[in-house]
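Coordinate analysis (summary)
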Amino acid sequence: MKRKYIYRKASNAPSPSLECLLMACGRELLTTWEVLRDKELIERHLKALDGQYGANAEQRVRQYMREIKRDERGG
């Protein structure tokens, strides 16, 4: 017997999986910066984040990068 699909209302709250994705992007870009020191590459990737993950994604990733550098890498 098939179950009836229950439609749920869309929420404007940020998705926990999106936050994990943005944290991973921040960690990846910070590591790339530490290895390559290529500012143009990092800026290009950060600019593309708003299109991929929605408004303010760039600012959130930058904030995650600061937090990771400060808390985990002793910066």
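Refer to the structure above for everything that follows.
Residues numbered from 1 in each chain as written. Predicted model: local features only at pLDDT ≥ 70, side-chain atom pairs only at ≥ 80, totals over all residues. Heavy atoms only, no water.

**Digging into the layout of surface pockets**
- Roughly 300 Å³ of internal volume is contained in the largest pocket.
- Around the largest pocket sit Leu30, Trp33, Glu34, Arg37, Lys39, Ile42, Glu43, Leu46, Arg62, Met65, Arg66 and Lys69, which together line it.
- Elements with a minimum of two residues in the lining of the largest pocket: helix H1 (16-36), helix H2 (39-53) and helix H3 (57-71).
- Considered class by class, the residues forming the lining of the largest pocket number five nonpolar, no polar and seven charged.
- Volume-wise, the second largest pocket comes out at about 170 Å³.
- Lining of the second largest pocket is provided by Cys25, Glu28, Leu29, Thr32, Leu41, Ile42, Arg44, His45, Ala48, Leu49 and Gln52.
- Counting only elements with at least two residues in the lining of the second largest pocket, the list comes to H1 and H2. (1 Å grid on protein atoms, 1.4 Å probe; cavity = no way out; pocket = protein on both sides within 12 Å on 5 of 7 lines; lining within 4 Å. Points joined across faces, edges and corners; volume = space filled by probe spheres on them. Helix = DSSP H or I, 4+ residues; strand = E, 2+ residues; numbered from the N terminus. Nonpolar A, V, L, I, M, F, W, Y, C, P; charged D, E, K, R; others polar.)

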